[in-house]
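Observations on the model geometry
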Amino acid sequence: MSAGANLTTARVAAFGIVFAVVYAVAYFFAVEQNWALVTYHPQLVEFGFGVEKPREGPAMYWFGWLATAGIIAGIAGVLAALLPERATRFLRPALTWAVPLCAMLAFGWLLRAYFLR
Amino acid sequence: MFTVLLIVHGLLAVALLGAITHQAASVLWPVTRPAGSFTGRFRSVAAPGYANAIVLLYLATFTLGGIIYTEYRIFVRPLVEDLRAWSAFGAFELKEHFAAIGMGMLPAYWYLWRRPPDGRTRAVVTALLAFIVWWNFLSGHILNNIRGFGS
């Protein structure tokens, strides 16, 4: 494999690992702290910027949590991909499953009351 | 309209479920000799060839699910709360979070299947995605059964 292809591979790997890790963490905190970038009002079929209170019918924050986590993880991933290869060597591929798994367990813990009633 | 989307969402989910189950089985329990049995043939698929399809199916299923979710929030969730079906309710709450976390894993998953296997990472990432897909499929199916088709 050429040096250029190696560099591209290393950058894609850095992006993938950092995106998976930061996305899981950012999504968890976006949900836990309600850092929704947008609020959707399904009854009105309207989006509002940031966290808004329900107007007519319920307010949905899930799309906002996805957007918040996606933007944060996207920026972190791109920055990681731009770093020199030696700076990203500490990124272990196992983080791509370990951190998301921890986030899933944390959600299970947060929502445990639904299964214990 | 939403009924059609729900059916398409379900069909895409079935395709995704089949593809990722094949891939996970082949990477977690690889066949060591020519497969003669049904389970052996199930595990002996060319797993790397599934990765692109799985990413596309996940994105399509996720997008359709996001559209249907608005209908769920208005018409189905209040009913589930009225029925006090808390386990099903909690399972669906987990579904939305698991689906989101799975989205975040897709770039790494795609990359891991583009290169030669390196340790157990690829197998574990695939297994975790398979778990998410199975959880989401079953919890969505249960919620759909509670609400009832066309009711």
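Treat the numbers as computed from the prediction; the structure is a model and nothing was measured.

Turning to the overall build of chain B, a few remarks are in order. The number of helices and strands found in chain B is 5 helices and 0 strands. The N-to-C order of helical and strand elements in chain B reads α-α-α-α-α. Over its C-alpha atoms, taken along the principal directions, chain B stretches across nearly 55 × 30 × 30 Å. Buried residues in chain B amount to 38% of all 151 residues. Pairs at least 24 apart in sequence give 76% of the contacts found in chain B among residues at least 6 apart.

Time to look at the interface of chain B and chain A. Across the boundary between the two partners, chain B contributes 26 residues, which contact 36 residues of chain A. Of all elements in the fold, only helix H3 (51-82), helix H4 (86-112) and helix H5 (121-147) of chain B reach the threshold of two or more residues within the side of chain B that touches chain A. At 16 residues, the largest contribution of residues to the side of chain B that touches chain A is made by H4 of chain B. Residue classes in the side of chain B that touches chain A are distributed as 15 nonpolar, 6 polar and 5 charged.

What follows deals with the nonpolar core. In this structure, Ala24 and Tyr27 of chain A are the most contacted members of the largest nonpolar core, which totals 76 residues. Breaking this core down by element, the ones donating at least two residues are helix H1 (3-33), helix H2 (62-82) and helix H3 (95-110) of chain A together with helix H1 (2-28), H3, H4 and H5 of chain B. Considering each element in turn, this core owes the most residues, 17 residues, to H1 of chain A. Beyond its immediate chain neighbours, meaning those up to four positions away, tyrosine 27 of chain A contacts Trp65, Ala69 and Ala103 of chain A together with Ala100, Ile101 and Gly104 of chain B.

Quick look at the confidence of the model for chain A now. Of all residues in chain A, 94% attain a pLDDT of 70 or more, and the chain-wide mean is 92. Taken element by element, the predicted model of chain A shows its lowest mean pLDDT in H1 of chain A (89) and its highest in H3 of chain A (97).

Turning to the confidence of the model for chain B, a few remarks are in order. Residues and elements named next belong to chain B. When pLDDT is averaged across chain B, the result is 89; 95% of the residues are at 70 or more. Summarising per-element confidence for chain B, the mean pLDDT is lowest in helix H2 (residues 38-43) (77) and highest in H4 (95). Across the interface, the model reports ipTM at 0.91; the global pTM reads 0.92.

Attention now moves to unusual backbone geometry. All names here are of chain A. One non-glycine residue, asparagine 34, lies in the positive phi region at around 55°. Of note, asparagine 34 is situated in the loop between H1 and strand E1 (38-41). Judged by the 13 C-beta atoms lying within 10 Å of it, asparagine 34 falls in the partly exposed class. In this model, valine 45 sits at a positive phi of 55°, which is unusual for a non-glycine residue. Along the chain, valine 45 turns up in the loop between E1 and strand E2 (46-49).

Bringing the environment of arginine 84 of chain B into the picture now. Residues and elements named next belong to chain B. Mapped onto the elements of the fold, arginine 84 is located in the loop between H3 and H4. A residue is classified by how many C-beta atoms lie within 10 Å of it, and arginine 84, with 9 of them, is exposed. Here the alpha-carbon distance between arginine 84 and arginine 115, two residues 31 residues apart in the chain, equals 48 Å.

A few words now on the packing of H3 of chain A against H4 of chain B. Where H3 of chain A meets H4 of chain B, the closest approach of the two axes is 10 Å, and the angle between their N-to-C directions is 170°. Classified by the angle between their axes, H3 of chain A and H4 of chain B sit roughly antiparallel to one another. Mapping the contact onto sequence places Thr96, Pro100, Ala103, Met104, Phe107 and Gly108 of chain A in H3 of chain A and Leu94, His97, Phe98, Ile101, Gly104, Met105 and Ala108 of chain B in H4 of chain B. Of the residues in the contact of H3 of chain A with H4 of chain B, the class split is 9 nonpolar, 4 polar and no charged.

Below, the discussion takes up the environment of alanine 103 of chain A. With respect to the helices, strands and loops of the structure, alanine 103 of chain A is situated in helix H3. With 24 C-beta atoms counted inside 10 Å, the residue alanine 103 of chain A sits in the buried group. Sequence separation between alanine 103 of chain A and leucine 37 of chain A is 66 residues, and the spatial gap between their C-alpha atoms is 20 Å. If sequence neighbours within four positions are ignored, alanine 103 of chain A has contacts with Ala24, Val25, Tyr27 and Phe28 of chain A together with Ile101 of chain B.

As a further point, take H3 of chain B. Along H3 of chain B, the largest kink reaches about 55° and is centred on tyrosine 72 of chain B. Every buried residue belonging to H3 of chain B is among Ala51, Ile54, Leu57, Tyr58, Thr61, Phe62, Gly65, Tyr69 and Tyr72 of chain B, and all of these are buried. Contacts made by the buried residues of H3 of chain B are with H2 of chain A together with H1 and H4 of chain B. Just downstream of H3 of chain B lies arginine 84 of chain B, where phi reads positive at about 55°.

About the thresholds
Residues numbered from 1 in each chain as written. Chains lettered and ligands numbered in written order. Predicted model: local features only at pLDDT ≥ 70, side-chain atom pairs only at ≥ 80, totals over all residues. Helix = DSSP H or I, 4+ residues; strand = E, 2+ residues; numbered from the N terminus. Buried ≥ 20, exposed ≤ 12 C-beta atoms within 10 Å, placed from the backbone. Contact = placed C-beta atoms within 7 Å. Nonpolar A, V, L, I, M, F, W, Y, C, P; charged D, E, K, R; others polar. Core = buried A, V, L, I, M, F, W, Y, C linked by C-beta atoms within 7 Å. pLDDT = per-residue confidence, 0-100. Axes fitted to C-alpha atoms, helices over the stretch in contact; angles between N-to-C directions. Parallel < 35°, antiparallel > 145°, perpendicular 65-115°, else oblique. Bend = angle between axes of the 7 residues up to and from the residue.

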